[in-house]
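Chain and residue survey
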Amino acid sequence: MIHTVQQGETLSQIARDYRTPLSAIINANPSITPNVLYIGQSIVIPGFPDPNTLPYQIEISINNRWLRLLRDGVLQKQYPIAVGRMLYNTPIGDFIIINKAPNPGGPFGTMWMSLSKEHYGIHGTNDPSSIGKAVSHGCIRMYNKDVEELARTIPIGTPVFIHP
């Protein structure tokens, strides 16, 4: 998996985003200077497949409040979602699914899938009436049955593209 450095990122933050030890990232990138990153620099993240080898992609529209599952670029299914409310915006950008945790409890419903951005994920909900609204702390909420179906379908490493 290759991460492209964005403005303001540090190697420590990238390691936290991917839940990968900093030492593993440094070892996988022997030519980098850990304290000197530049925008657009490619960083190898060990332990994840190359997203280009995976058949699935997820596209999320914050404004339209939908999540689309694509296989080889062809729409398979569209799901309604809830997104971040004012002051807790859903992050925009390109991410991957880095792990899955069934039954996380509480407001996260029956499934949690972490994004490669610390503290953010796609998850179920204990409040189904919130779907279709801007109410979360920035995460993508789905109906429990929908997030369970999605989690069964996609592998770890699936690319997630979030746009307004």
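Residues numbered from 1 in each chain as written. Predicted model: local features only at pLDDT ≥ 70, side-chain atom pairs only at ≥ 80, totals over all residues. Heavy atoms only, no water.

**Thoughts on the packing of aromatic side chains**
Where we set the bar: What counts as a ring pair is set by centres within 6.5 Å for rings of Phe, Tyr and Trp (its six-membered ring), and what kind of pair is set by the plane angle: stacked under 30 degrees, edge-to-face over 60, tilted for all other angles. Only protein chains enter the calculation, and the probe is 1.4 Å; a residue is then buried if its accessible area is under 20% of its type maximum, exposed if over 50%, and partly exposed in between.
All chains considered together, the criterion is met by two aromatic pairs. Ring plane angle 80° and centroid distance 5.3 Å describe the contact between F108 and W112, whose orientation is recorded as edge-to-face. Residue classification places F108 among the partly exposed positions, given a relative accessible area of 32%. Its relative accessible area of 15% is what places W112 among the buried residues.

**Looking at the pairing of strand β4 (residues 66–71)**
The line we're drawing: Strand pairing is assigned whenever DSSP detects at least two bridges linking the two strands. Helix and strand definitions follow DSSP, with helices as H or I runs of at least four residues and strands as E runs of at least two, each counted in order from the N terminus.
Sheet analysis places strand β3 (residues 56–61) next to β4, joined by six bridges and oriented antiparallel. Within β4, the position partnered with E59 by the bridge is R68. Note: β4 against strand β5 (residues 74–80), six bridges, orientation antiparallel. Within the sheet, the bridge partner assigned to R68 lies in β5 and is Q78.

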